[in-house]
Amino acid sequence: TALTLLDTYLGSTFSAITYRAQAMHTGVTMEKMIIVAPGSPYGLYVRAVRHSSITALAISKAMVNLGLNNISDTSISRIVANFSFTRGISITECRSLACHTFNAFNNPTGMHVEDSRNMTFDSIVTENNGYGIMVAGVSYGNKFINCISKFNTAIGLDVEIPATSNTFHNFDSIGNGSNGA
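Keep in mind that this is a model prediction, so the values were computed, not measured. (Residues numbered from 1 in each chain as written. Predicted model: local features only at pLDDT ≥ 70, side-chain atom pairs only at ≥ 80, totals over all residues. Heavy atoms only, no water.)

J.: Describe the overall build of the protein, with residues and values.
T.: Broken down by element type, the protein carries zero helices and 15 strands. Residues counted as buried form 42% of the 181 residues belonging to the protein. A separation of at least 24 residues holds for 38% of the contacts in the protein among residues at least 6 apart in sequence. As presented, the protein carries roughly 9400 Å² of accessible surface, and 53% of it is formed by carbon and sulfur atoms. Side-chain charges in the protein split into 11 positive and 11 negative, and the spacing between the mean points of these groups amounts to 8 Å. (Helix = DSSP H or I, 4+ residues; strand = E, 2+ residues; numbered from the N terminus. Buried < 20%, exposed > 50% of the residue type's maximum accessible area, 1.4 Å probe, protein only. Contact = heavy atoms within 4.5 Å. Areas by Shrake-Rupley, 256 points an atom, 1.4 Å probe, with all protein chains shown as cover. Lys, Arg positive; Asp, Glu negative; His and termini not counted. Charge placed at Lys NZ, Arg CZ, Asp CG, Glu CD.)

Below you can see the structure in the form of structure tokens.
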């Protein structure tokens, strides 16, 4: 059996193990939920989903309010994530997401994007007790449009190496604690 990768592999390196492909869930719809999860690891954790829709969620008080991992070709909109213990929204190893109207406030980090690519973030607002938006790892080709990162006690927008080729259009970073961007 041979495994041919069409894109550069971004995960960990393993050897001498049996490869087991992860099943992807297609056509999932989640909408109109309020989740309060005091101290739980995640308010909502979504993994291995494609061609789906996540709409109108309010999530608070978890370690990470909304965790998105290995998701592709999905629309995510109208999300409110507040009062988490670590991150309001955590996006890891995702690609081709359309994210619209996120509000992350009163979190240590509002939104953390890592090892993700070719996503569009439109109308994201952060106001947190730490970082606003952090882009890290091998994240590229992401577009941030009409976003506001304001009054975060730390950095409003932090793009770390090796994240490259991300674009920011009509992005306001104002009144943040250390650096605007």
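J.: Account for the environment of F102, with residues named and values stated.
T.: Tracing the sequence through the fold places F102 in strand β7 (residues 95-105). Judged by relative accessible area, which is 0%, F102 ranks as buried. Spatially, the C-alpha atom of F102 lies 9.3 Å from that of C147, the residues being 45 residues apart in sequence.

J.: So, the nonpolar core: which residues are in play, and what are the values?
T.: The biggest cluster of nonpolar side chains holds 35 residues, and the ones touching the most others in it are L68, I89, I91, M111 and F121. Per element, the largest residue contribution to this core is six residues, and it comes from strand β5 (residues 64-82). Not counting the four nearest positions on each side in its chain, L68 is found in contact with V46, I54, I76, S90, I91, T92 and C94. (Core = buried A, V, L, I, M, F, W, Y, C linked by side-chain atoms within 4.5 Å.)

J.: Help me get a handle on the packing of aromatic side chains, residues and values and all.
T.: Under the criterion given, the structure shown has five aromatic pairs. Taken together, a centroid distance of 6.4 Å and an interplanar angle of 75° make the contact between F83 and F105 edge-to-face. Of the two residues, F83 is situated in the loop between β5 and β6 (87-92) and F105 in strand β7; the sequence distance between them amounts to 22 residues. Since its relative accessible area comes to 42%, F83 is described here as partly exposed. Note on F105: relative accessible area 29%, which makes it partly exposed. Centroid distance F168 to F171: 5.6 Å. Interplanar angle 90°. Geometry classified as edge-to-face. (Phe/Tyr/Trp six-rings, centres within 6.5 Å; stacked < 30°, edge-to-face > 60°.)

J.: Please provide a residue-by-residue account of unusual backbone geometry, values included.
T.: With omega at 15°, the peptide bond leading from I161 into P162 counts as cis. Within the fold, P162 resides in the loop between β13 (157-159) and β14 (167-169). In this structure, K61 takes a positive phi of about 70° despite not being glycine. Position of K61 among the secondary structure elements: in the loop between β4 (53-60) and β5. Classification of K61 as partly exposed rests on a relative accessible area of 40%. Of note, the phi angle at S96 is positive, near 55°, even though the residue is not glycine. Along the chain, the position of S96 falls in strand β7. On the basis of relative accessibility, which here comes to 30%, the residue S96 falls in the partly exposed class.

J.: Can you lay out the side chain of T126 for me, pointing to particular residues and giving the numbers?
T.: Locating T126 in the fold gives a position in strand β9 (residues 120-127). Reaching out from T126, the side chain makes a polar contact with the side chain of N152 at a distance of 3.5 Å. With near-sequence residues (within four places) excluded, T126 lies in contact with A104, G132, I133, I148, S149, K150 and N152. (Polar contact = N/O pair within 3.5 Å; in protein donor to acceptor, adjacent residues only side chain to side chain.)

J.: An account of the side chain of S77 is requested, with residue identities and associated values reported.
T.: Within the fold, S77 resides in strand β5. Judged by its relative accessible area of 14%, S77 falls in the buried class.

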